[in-house]
Amino acid sequence: MKSLKLALYLLASLFVATAATAVEYQEGVAYQLIVPAQPTTTEGKIEVAEIFSYGCSHCYRFEPTLERWLKAKPKNVEFIRIPAIFNTQLELYARAFYAAEVLGAIDKIHKPFFDAIHLQKLPLNDEAAIADLFEKNGVSRADFNKAFRSFSVDAKVRRASELGKRYGIQATPSMVVNGKYRLDPGMNNVGANGMMNVVDYLVAKETKGK
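Cut-off values and rules
Residues numbered from 1 in each chain as written. Predicted model: local features only at pLDDT ≥ 70, side-chain atom pairs only at ≥ 80, totals over all residues. Heavy atoms only, no water. Salt bridge = Lys/Arg side-chain N within 4 Å of Asp/Glu carboxyl O. Helix = DSSP H or I, 4+ residues; strand = E, 2+ residues; numbered from the N terminus. Expected span 1.5 Å × (residues − 1). Buried < 20%, exposed > 50% of the residue type's maximum accessible area, 1.4 Å probe, protein only. Axes fitted to C-alpha atoms, helices over the stretch in contact; angles between N-to-C directions. Parallel < 35°, antiparallel > 145°, perpendicular 65-115°, else oblique. Left-handed = near helix turned anticlockwise from the far one by under 90°. Contact = heavy atoms within 4.5 Å. Nonpolar A, V, L, I, M, F, W, Y, C, P; charged D, E, K, R; others polar. Pairing = 2+ DSSP bridges. Right-handed = clockwise from strand over helix to strand, strands pointing away.

Enquirer: Tell me about the pattern of salt bridges, and name the residues and values.
Expert: Between side chains of opposite charge, a pair can form as their charged atoms come close. Applying the stated criterion to the full structure yields 12 salt bridges. Here the salt bridges share partners, and the residues they tie into one network are Glu50, Glu63, Glu67 and Arg81.

Enquirer: Can you lay out helix α4 (residues 106–118) for me, pointing to particular residues and giving the numbers?
Expert: With 13 residues, α4 should reach 18 Å at 1.5 Å per residue; the first-to-last C-alpha distance of 18 Å fits that figure. Of all the residues in α4, the buried ones are Ile109, His110, Phe113, Phe114, Asp115, Ala116, Ile117 and His118.

Enquirer: Please provide a residue-by-residue account of the packing of helix α2 (residues 57–72) against α4, values included.
Expert: Direction vectors running N to C along α2 and α4 enclose 135 degrees, while the axes themselves pass 10 Å from each other. In terms of orientation, α2 and α4 fall into the oblique class. As α2 packs across α4, the resulting crossing turns out to be left-handed. Contact residues: Ser57, Cys59, Tyr60 and Glu63 in α2; His110, Phe114, Asp115 and His118 in α4. Classifying every residue of the contact of α2 with α4 gives 3 nonpolar, 3 polar and 2 charged.

Enquirer: Account for the environment of Lys75, naming residues and giving values.
Expert: If you trace the backbone, Lys75 turns up in the loop between α2 and β3 (77–83). For the pair formed by Lys75 and Ile46, sequence separation is 29 residues and the distance between their alpha carbons is 9.4 Å.

Enquirer: Describe the side chain of Thr65, with residues and values.
Expert: For Thr65, the location among the structural elements is in helix α2. Residue Thr65 is classed as buried on the basis of its relative accessible area of 12%. Beyond its immediate chain neighbours, meaning those up to four positions away, Thr65 contacts Ala192, Asn193 and Met196.

Enquirer: Would you mind going over the pairing of β3 in detail, with residue names and values included?
Expert: Counting buried residues along β3, 5 of its 7 residues qualify, which places the element largely inside the surrounding structure. Examined bridge by bridge, strand β2 (residues 46–52) and β3 share 7 bridges and lie parallel to one another. Bridge pairing in β3 links Glu50 to Arg81. In this region the chain leaves β2, passes through α2 and returns to the parallel neighbour β3; the handedness of that crossover is right-handed.

Below is the structure:
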């Protein structure tokens, strides 16, 4: 039964994606060009990046839509997450994300971090509180402390901050396709589902251009 449901879901997703690619979305309305286009890190594939923040309620509500899209994304797409850094609080959250990434603990931390802020209303506004969350979700405090202020995480945070500026990110969640196109749910009032249709359209556009 689960296999049948998954097959039906994938078929429906393929239909939606195909329909989306048949629509001509207008530059400057549904998406913006990034000038100059930025290099990607996923050689041989089309890179789709989500720019998000754990503190963003819109990002939290967007997660289920994104997760459904990830289950059916084209094989030539590489997906990455980039934390937005608009202030010192968001830098703290970005550092937490990259600490989890360095520790191979994204699956343990990503959803619980969102839930802690938006569902449980926990004030994760300092390093100690974030360390508690990591420990509660199976990452030792010693490992967290080592990663959180590591050179590797420092470098990733600096790069995320720079990419946000180069991409021209002003809102979260935003999506960036192949370093060339930027979009967010507010563009043309497309909403979260509509935004992913535009992403599918841009992925198809990039695929044809290769």
